[in-house]
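# Coordinates in review
The lines below spell out each chain.
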Amino acid sequence: MYGTCGKRKDGDQLNCPKNIEAPPPSDELAKKLQKTCPTLWSEQGGANGKYCCTPEQIDKLATDSGKVAPFTVGCPACFHNFIHLWCVLSCSPNQAAFTNVTAVQFAADNNATAVAEISVWTSKQFNDDLFNSCKDVKFGAANLPAMKFMGGGAENGQQWLEFLGEVKDKRVPPVGSPFQQNFNPTGEVPPAGIEAATASFVSCGDPLFLCSCADCPVAPGCSAPHPGPPPESKTCRVGAITCWDLTLLLTYIALLGGTAFVVIRNKRQRDQQLLEAKLGLDAEEPLLGMMPEQQNGANANGYTRVDEEGDETEPLPGDIHYPYLERQMQTAYTALGEFCARRPLHVIAGGIVLIAFCLLGLIRFKLETNPQQLWVGPGSRAAQDKAKYEASFGPFYRVSQLIVSTTPETPSAYASTTGLPAIVGDGNIQLLWEMQAKVDAISATYIGKDGQPKTASLTDVCFKPFGTSCATQSILQYWHMNRTFYQEEQSKPSYRVKLSPDYCFGHWATQCRSAFEAPMDPHVILGGFSTGPDFRNYSADATAFVITYPIDSNPDNLEAALAWETAFIQLANTELSSMATGAKLKLAFQAERSVEDELKRESYTDASVVAVSYLVMLGYIALALAAIPPPQQFLQLFVLSRASLGAGGVLIVACSVAGAMGLCSMFGMWSTLIIMEVIPFLVLAVGVDNMFLLAHALGRQDPTLPLVTRAGLALGSAGPSITLAASCEVLAFGLGSLTPMPAVRNFSICAATAVLLDFILQVTVFVALLVLDTTRLHHNRLDCLPCVRVPYRDTSGNWVHDDVSEDEESYEPLNPNPGGRSRGQGPDRRGWGLGNLNIPGFGGARSDHQGSSQDPGEMYYAPQQQQLPTSAAAAAGDGAVPEIGVQQQQQQVLRSDLGGSRRMSGVLPGVTHQGPGLLHGDKVSLQSLLQAYMERVHAPLLMQPLVQVLVIAVFVTGLFVAGALIPRLSVGLDQAVALPRDSYMQEYYSDLMKYLRVGPPLYLVVSDVNVANGTADVDKLCSVAGCRRDSLSVRVSDASMTPATSYIASPAASWIDDFLSWINPSLPTCCRISQSDSPQLGPKGSRCPPPDQPPCSTNATACADCVSCLTEMPPGGRPTAEQVARFLPWFLDAVPSEGCAKGGAGAYNNAIQKDTSDPTGIAGLSGGVITASAFRTYHTPLNHQHDFIAALSAAREFTEKASQELGLNVYPYSIFHIFFEQYLDTRRSAAMLVGLPMLAVFCVAWLFTGTLWGSAILLAMLVSMMLQLAGAMYMAGIEVNAVSLVNLAMALGISVEFCAHVLHSFCVSHGSRITRAKTALVKMGAPVTSGITLTKFAGVVVLAFARTQIFEVYYFRLYLALVILGAAHGLVLLPVVLSRIGPPSWSDRGVQGSQDRSSMELEASSSGDRARLDSAAAAAGVPGVPTTADGTAGVAAAGMQDGRPERLPSVAASGMAASAAALGGPEQAAAAEE
């Protein structure tokens, strides 16, 4: 070929098919060859050589090659080789040796014969060298390799040449070669007579044509990381098992072996001792193999002797052997209890005033539902990065999305590798056009800022990077969102090139660009195809269309955007879903507002379930406090129900929660749904437990005492234990406020406040309610309607109706000798006054030990005179007489029929008891049943040595299992779990993870870039020739080559690279400036657009005097600060086109911080510094929670390293960072949220109990419980996140309730460890079981029916595990541990250690004479502990202390004496009488 013979219809020149010898160059050709083809000129000998081309061909070659310059300007070697390629093919004197003209055509302008098709043969080395010099070159504006644009995505030299040689007629739009060029049509071996072309292409690492490391990773000094396999796990492993698991396994085996060895050794020792005993050896000595507790009074079965068993008398306030704080609390609570009993209405009124004050804060109540505000504090790094990014570039655009996917029934020509039908087909694309038409037709009404109604359509709210077309990402963009254009293209005959889907999937970066002129990567608009080696093509493997609508997030556009999104969701949920279903497709959708809307709906979705849960707990509480009377007294069921007391207690809980929220709101704290859902659950657990403890404590008091005294003693007994638990909980939750998560912090503060308020109201208002309810029970009044008395049957079976005016005065000790009346006087009938309590509106409480002055005819049951025990606890704390039958009076150890507390007590001789208390004597209640179970089954069984061994074995095994499971806990929160099961977002999240094949964008923001000439900042950022080999852009490019670890999928879109290329004189059509005033362009010095853009493209004279901005680059190859300040704004306004693809408009609209106050319009640029600029790249597809967490961690690690090594201020930003930052240190937060409160609980317990060892046992219980709860989380599929952290904090508080009361009771009791453990379990087992375990279990079961998965997973499963583990630790493991290694009793303080005391007890008990104990103590110089006749430490029969009656009533003293006589003989009775 030589010369040009004519033109095509489109004006392109056509070569002449001439086979002549190449002539020497003319002067004109020589000049042009030296400028355009210097390498060929040199290789052919310059002017002495011969060249098969004309000057016109060189001009055409230079013009066409210039179109590639924007893509290759950053890599001089690639650009040089590309031009050299066409120089060789066009001008080589040996052209005929490798080129063959195979077809000719007639020129359109002159009808001359011209070339229509040629065949060209090139060597493999030729192809490889050419391709390798350009294959890694990046086109920053699109975050894509330049080969996508100038090579059609070629993957080798042959494919690139085939793309370059394709005639333009086969492309739409028609861009390419004017005639067909077939490269190597016969393969690598040319036919006979043909010699493959060769050429000397330079390497991209050639020092004379040096490319940047980003464009040439193999250049000298550039490190090209090989992708390699995914990184191996850093977990230490021994074969298939981790080192941690192996360590646990070996430790467990060693522990089992050691335990077995000890057991076998002890058994042999016992056998040896038994043998020696049979032989008569050491018969007088105790067996060495006997367990210490057996030596201290326990038999072989773990039971203690009668004189030590069942000691449950309450501690006296101010006992000198108790810790100082305990003594002070007992005294104070006793006084407080008596005050509350004397003035219950005043106390209730005071509680109402307190809550009313707290509720005032609800005026400032605010419910926060924004996930960003909930889980990310304003001081967190992610929040700061987000704030800085939005301050610099504005908020990130909002996203609405449709995912249309196939189903097994979808008709399709292909089956994908996943088994589903492929989605690409004309029918499905036509459906997509119909859907798009409906989306375009959305017209949403909203109220504008001016108060007037307005409408919003997609074009009104969409994101427009070029200011004209919406940046919708859809397969329809291949046809410019124009259905008519699509139909025209598909109707073209098969022999013509048409923009079919298959064609566009291969030419998406060139011929099939979008309506807004951006390339549309199939990875963005298609989904479901394989990314592995089994991928065939998009048409055969894609199973989903992904349509994304970016919505402008400008604050001025917010109302319109919200309205449009609402209409979009409604349309998608109705019409679009129906259309998809009709086509046997599936539609998933979402809008930016969807998550927040669904979270709000969630609060209403399961509100009924939560309400039912609380109602079930309320019903249970009423049932647990109530009792069932004998069948003949069935009407008494309405008296014994105690629903009003339960409702009062629950109302206290509700007031505590509401008051806490009010106080928190008063100080500016917002509330959350978690606070409203979890804190009532927490406080109900704590409050109900305290309710049962107080009621149980009142029931344990001597019923012969006045109610006021009993109330004081009850609160004095239970108050310290309640205070211990409440203090631990308040401090634990208070320390939880140190967490940086706002929702968790606010929860902790509100929980601490609620528990504190509940504690205050429980020890005051509930005590008052308990006193009033006890009085109501005594007077046989109807529950919830105390003005009505319930009739009962007398001994003859007749119904008795007491008159309201017949209420009796009783409890004379409250006000001795009121009105001059003596104890034996008849009742003072004052209507419905509370006797001497002087509370209007209530009748006086009957005495449980009235004299014979009571008229027997008033009683339905007046048995013969009986001798009644002075003390046997009422099961429900109702103040009624003990439930003790006649046969039980002869027992040495008295027990209540229905599980009343064990007591050592005699009878009251000569006392005629005809009071109404016996009306409820045979009642049955849940409390009494639990008490009986604890006393007769649970406690004795748990003290058996074999059972204790099994308990320890089970819990130790549980700890080892939990230790193995905890490292396997995953971090994160599946979005679907947080939403209702029927939410449309459930399907969307599922399809998003299943089909999406592109990751979220990642912005690397650099602050304060100095762009002045000579500074190093530019070279630290760019990746064009001359930049640093380790610049930021190069680092991103390198990271994209190892996506498995970096989670970066592509090189960065570098505005600075494109600006340096745009301003470079080597691209003369990009940066151009007018030399004169022009009506189209403006005054002299205005910017001229490229020649193919108006007004230059429409008016040839408009840009006639436009010249390149720079004739040459300044020294150093970088523009000066003044040049940057002038031309950078031009670059950002330049629209890319074929004439200059390097324009920054669209690609870099939000890449540089704008500032209208700066003369340049760019923040800081007038001072030579760019305040903030962003470099955009993309994460790899993130399909799981751990992918997002790892991507955030990798991005931060990358920027921190770059900042440190480059001396720049770089931070990463992506839209998901703020949601996942909480998971980066979740494990540390969990340790802090649980660990610090645990230490605080330990310290508080030490302060309250005065025993370091006991506090350490409590801490061990909490640690064991929390570890096993964490293991249960793994088994239940619960992830570690903010929700589970809140629940763990709550679990810690409830765990204290399970354990603290038992520990406190153990310290109060005296005797051997086994005795004290049984006593503590008997005293506290029933309240803890009924108050926490069963209450929580009843409420938790209801949560299993919640429609929201978060309730079912994070509340039902976790709370159920908490209840089971808490009860197991508090009621099983803790008593076993205390029975073996528990701390010494407070009652044993003042003696020479618990061991001396135990030995003396053993000596005294063995002879059956309790007096020997004090004698032995006196002989040893150890003061004996004052005891009552029944063995109760710290109670002297001679009198009481600290405000209690100076001397017990004579009836009680007689009872003690009788009890002592029954148990120990006359000496003990005499001592008791004294």
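Residues numbered from 1 in each chain as written. Predicted model: local features only at pLDDT ≥ 70, side-chain atom pairs only at ≥ 80, totals over all residues. Heavy atoms only, no water.

## Details of the overall build of the chain
Stated formally: Under the DSSP-based scheme used, a helix requires at least four consecutive residues in state H or I and a strand at least two consecutive residues in state E, with every element numbered from the N terminus. Partly exposed residues are those whose accessible area sits between 20% and 50% of the maximum for their type, while under 20% is buried and over 50% is exposed, using a 1.4 Å probe and protein chains only. In what follows, residue pairs with any heavy atoms lying within 4.5 Å of each other are defined as contacts. Calculation of accessible area relied on Shrake-Rupley with a 1.4 Å probe; when residues are assessed, cover is drawn exclusively from the protein chains displayed.
Helices and strands together make up the secondary structure of the chain, namely 48 helices and 27 strands. Classification of the 1474 residues of the chain by burial places 58% in the buried group. When contacts within the chain are restricted to residue pairs at least 6 apart in sequence, those whose partners lie at least 24 apart make up 73%. Accessible surface, the chain: about 57,700 Å² in total, of which carbon and sulfur atoms supply 59%.

## Details of the sheet that holds strand β24 (residues 1087-1088)
Our working definition: Pairing between strands requires that DSSP locate at least two bridges from one strand to the other.
The strand order β24-β23-β25 describes an open sheet built from 3 strands, whose pairing is antiparallel. The sheet is open, and its two edges are formed by β24 and β25 (1106-1108), each paired on a single side. Where strand β23 (residues 1072-1074) and β25 come together, 3 bridges link them in antiparallel fashion. Its bridge partner lying in β25, Arg 1072 is registered against Ser 1108.

## A closer look at a nonpolar patch on the surface
Heads up, the rule is: Within this analysis, patches are made of residues with over 30% relative accessible area and no salt bridge. Like charges are joined at 9 Å or less; nonpolar side chains (Val, Leu, Ile, Met, Phe, Trp, Tyr) at 5 Å or less. Note on definitions: salt bridges are taken to be side-chain nitrogens of Lys or Arg within 4 Å of carboxyl oxygens of Asp or Glu.
A surface patch of nonpolar side chains, about 360 Å² in accessible area, is lined by Leu 359, Leu 362, Phe 365, Leu 367 and Met 676. Structurally, the position occupied by Met 676 is in helix α27 (residues 673-700).

## Some remarks on the pairing of strand β1 (residues 4-7)
Taken together, the 3 bridges between β1 and strand β2 (residues 13-15) define a ladder with antiparallel strand orientation. Bridged to Gly 6 within β2 is Leu 14. Joining the antiparallel neighbours β1 and β2 is a turn of 5 residues, in which Gly 11 adopts a positive phi near 95 degrees.

## Let's talk about the pattern of salt bridges
Per the counting criterion, the structure on display carries 35 salt bridges. Across the salt bridge formed by Asp 541 and Arg 536, the nearest N and O atoms sit 2.7 Å from each other. On the basis of relative accessibility, which here comes to 0%, the residue Asp 541 falls in the buried class. Arg 536 gets classed as partly exposed once you look at its relative accessible area, which sits at 45%. In this structure, a network of salt bridges that share partners links the residues Arg 8, Asp 10, Asp 12, Lys 60, Asp 64 and Lys 168.

## Details of the environment of Ala 444
Take Ala 444: it is sitting in strand β11 (residues 444-447). Ala 444 sits in the buried class, given a relative accessible area of 5%. Here the alpha-carbon distance between Ala 444 and Thr 455, two residues 11 residues apart in the chain, equals 5.1 Å. Apart from the residues lying within four places of it in its own chain, the contact partners of Ala 444 are Lys 454, Thr 455, Ala 456, Ala 563, Trp 564 and Ala 567.

## Thoughts on the sheet that holds strand β27 (residues 1209-1213)
Quick reminder of the rule: Whenever a helix is involved, its axis is fitted only over the stretch in contact; in every case the axis is a line through C-alpha atoms, and angles between N-to-C directions fall within 0 to 180 degrees.
Read across the open sheet, the 3 strands follow the order β26-β22-β27; overall the sheet is antiparallel. Two strands close off the open sheet at either side, each with one partner strand: β26 (1169-1178) and β27. Put simply, the sheet's adjacent strands are angled 20 degrees from each other on average, direction ignored.

## Regarding the state of the cysteines
Counted only if it meets this: Cysteine sulfur atoms that come within 2.5 Å of each other are treated as a disulfide pair.
Per the counting criterion, the structure on display carries 12 disulfides. Between the sulfur of Cys 1022 and that of Cys 1027 lies a disulfide, 1.7 Å long from S to S. Across the S-S bond linking Cys 1022 and Cys 1027, the dihedral sits near -115 degrees, which makes this disulfide left-handed. A relative accessible area of 9% means that Cys 1027 is categorised as buried. One disulfide bridge connects Cys 1070 with Cys 1140, the sulfur atoms lying 1.9 Å from each other.

## Digging into the packing of aromatic side chains
Basically, it comes down to this: Note on ring pairs: Phe, Tyr and Trp rings are taken, using the six-membered ring of Trp, and paired if centres are within 6.5 Å. Classes follow the plane angle, with under 30 degrees stacked, over 60 edge-to-face and the rest tilted. Geometrically, a lysine NZ or arginine CZ counts as sitting over a ring once it is within 6 Å of the ring centre and also within 35 degrees of the ring normal.
The tally for this structure, following the rule as stated, stands at 34 aromatic pairs. Judged by centre distance (6.0 Å) and plane angle (25 degrees), the rings of Phe 82 and Trp 160 are stacked. Of this pair, Phe 82 sits in helix α5 (residues 76-91) while Trp 160 sits in helix α9 (residues 157-165); the two residues are 78 residues apart in sequence, bridging distant segments of the chain. With a relative accessible area of 4%, Phe 82 lands in the buried category. Grouped by ring-pair contacts, the aromatic residues Trp 433, Tyr 478, Trp 479, Tyr 486, Phe 505, Phe 529, Phe 535 and Tyr 538 constitute a single cluster. Above the face of the Tyr 1211 ring, Lys 388 is positioned so that its terminal group lies 4.3 Å from the ring centre. When the ring centre of Phe 529 is taken as origin, the NZ or CZ atom of Arg 997, which lies over that ring, is 5.8 Å away.

## Considerations on the nonpolar core
Heads up, the condition is: As used here, the term nonpolar core means buried Ala, Val, Leu, Ile, Met, Phe, Trp, Tyr and Cys residues forming a set that is joined through side-chain atoms within 4.5 Å.
If you look at the biggest cluster of nonpolar residues, it comprises 175 residues, and the most contacted ones within it are Ile 679, Phe 747 and Leu 1269. Not counting residues up to four positions away in its chain, the partners in contact with Ile 679 are Val 657, Ile 674, Phe 747, Cys 750, Ala 751 and Ala 754. Counting residues in hydrophobic clusters, the runner-up holds 133 residues, among them Ile 423, Leu 432, Leu 476 and Val 1034.

## Some points on helix α7 (residues 124-132)
Keep this limit in mind: The directions considered for the arc run from the helix axis to the C-beta atoms.
For α7, the complete set of buried residues consists of Phe 126, Asn 127, Leu 130 and Phe 131. End-on, the buried residues of α7 take up no more than an arc of 115 degrees, which puts them together on one face. Those residues of α7 that are buried lie in contact with α5, α8 (147-150) and α9.

## Describing the pairing of strand β4 (residues 113-120)
Bridging between strand β3 (residues 99-106) and β4 involves 7 bridges; their strand directions are antiparallel. Considered in β4, the bridge of Val 104 is made with Val 115. Remark: 6 residues form the turn of the hairpin made by β3 and β4, two consecutive strands paired antiparallel; Asn 111 in that turn has positive phi of roughly 65 degrees. In this sheet, strand β7 (residues 180-183) lies alongside β4 in parallel orientation, the contact comprising 4 bridges. Among the inter-strand pairings, Ser 119 is bridged to a residue of β7, identified as Asn 182.

## Thoughts on the environment of Leu 1258
On the secondary structure map, Leu 1258 appears in helix α41 (residues 1252-1275). Under the relative-accessibility criterion, Leu 1258 is labelled buried at 1%. With residues near it in sequence (within four places) discarded, Leu 1258 still touches Val 1241, Ala 1245, Cys 1299, Ala 1300 and Leu 1303.

## Regarding unusual backbone geometry
A cis amide bond links Pro 1094 with the next residue in sequence, Pro 1095, at an omega value of 5 degrees. Among the secondary structure elements, Pro 1095 is positioned in the loop between β24 and β25. Phi at Asn 111 is positive, roughly 65 degrees, even though this residue is not glycine. Within the secondary structure, Asn 111 sits in the loop between β3 and β4. Even without being glycine, Tyr 1047 reaches a positive phi, approximately 60 degrees. Turning to its location among the elements, Tyr 1047 is positioned in the loop between α35 (1043-1046) and α36 (1055-1063).

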